[in-house]
Amino acid sequence: MLLKSSRLGEIEIDDKQVIDFPDGIPGFESEKKFAIFSLAPDAPFYYMHSVRNPDLCLVLAVPFMFFPDYAVDLPQEELGKLAAEEDAKGLAVFVVLTIPDDFRDTTANLLAPVVVNLDKQKGVQYVPVQSPYSTRHRLFNPQEPKKAASAGQGL
């Protein structure tokens, strides 16, 4: 399948990369089909691009590399939408990133993860009623100071 993107150009994707979101995603409920593909081999970052809208592309990350204690508890209703087993094995979890001009200030939306059953090609963006997470968790170490240029650098 040829995916047309206003930002990425034309991209050849495998039909197995197209995920059906029966409810769409929050803010884009009419968009039901998204292609999810890696930015680079072995990278924890992915594009989630609408199949229909060339302007709708989100950047995702696998959260566990950055937030090892992150946990998602999907209710049975959401598992049903994913055609998943009760134990939720085989599901992929992603978080949507907000990337400002300075990539080091990137944040992850841990409140509303994107959960995908890759085998069944079904997905949901789950927003729980109560959660210890928010929409803006710094992806990179918030304690790490920005490096100042030494004399002679950056010229």
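Below or above, wherever it landed, is the structure these notes cover. (Residues numbered from 1 in each chain as written. Predicted model: local features only at pLDDT ≥ 70, side-chain atom pairs only at ≥ 80, totals over all residues. Heavy atoms only, no water.)

### Thoughts on the packing of aromatic side chains
1) Next: All told, the structure shown has nine aromatic pairs when counted by the stated rule.
2) Next: Taking 6.3 Å as the distance between ring centres and 75° as the angle between the ring planes, the aromatic pair formed by Phe-45 and Phe-103 counts as edge-to-face. Here Phe-45, found in strand S5 (residues 45–50), pairs with Phe-103, found in the loop between strand S7 (91–98) and strand S8 (107–117); they are 58 residues apart in sequence, far enough to count as distant.
3) Next: Phe-45 gets classed as buried once you look at its relative accessible area, which sits at 16%.
4) Next: Its relative accessible area of 38% is what places Phe-103 among the partly exposed residues. (Phe/Tyr/Trp six-rings, centres within 6.5 Å; stacked < 30°, edge-to-face > 60°. Helix = DSSP H or I, 4+ residues; strand = E, 2+ residues; numbered from the N terminus. Buried < 20%, exposed > 50% of the residue type's maximum accessible area, 1.4 Å probe, protein only.)

### Focus: the side chain of Asn-117
1) Next: Along the chain, the position of Asn-117 falls in strand S8.
2) Next: A relative accessible area of 6% places Asn-117 in the buried class.
3) Next: Among the polar contacts listed, one links the side chain of Asn-117 to the backbone nitrogen of Asp-119, at a separation of 3.2 Å.
4) Next: With near-sequence residues (within four places) excluded, Asn-117 lies in contact with Leu-82, Ala-83, Ala-84, Gly-90, Leu-91 and Lys-122. (Polar contact = N/O pair within 3.5 Å; in protein donor to acceptor, adjacent residues only side chain to side chain. Contact = heavy atoms within 4.5 Å.)

### A short note on the side chain of Asp-20
1) Next: As for its position among the elements, Asp-20 is in strand S3 (residues 18–20).
2) Next: Given a relative accessible area of 17%, Asp-20 falls into the buried group.
3) Next: The residues contacting Asp-20, other than those within four sequence positions of it, are Lys-32, Lys-33, Gln-121, Lys-122 and Gly-123.

### Comments concerning unusual backbone geometry
1) Next: Even without a glycine there, the phi angle at Ala-83 is positive, about 55°.
2) Next: Structurally, the position occupied by Ala-83 is in the loop between helix H1 (76–81) and S7.
3) Next: Unlike most non-glycine residues, Gln-121 shows phi in positive territory, near 55°.
4) Next: With respect to the element layout, Gln-121 can be found in the loop between S8 and strand S9 (122–125).

### Topic: the pairing of S5
1) Next: Most of S5 sits inside the fold, with five of its six residues counted as buried.
2) Next: Between the antiparallel neighbours strand S4 (residues 33–38) and S5 lie six residues, among them Asp-42 with a positive phi of about 65°.
3) Next: Both S5 and strand S6 (residues 57–61) contribute to a ladder of five bridges, which runs antiparallel. Looking at S6, one finds that Met-48 is bridged to Leu-58.
4) Next: Taking the residues that link successive antiparallel strands as the turn, the S5-S6 hairpin has six residues. (Pairing = 2+ DSSP bridges.)

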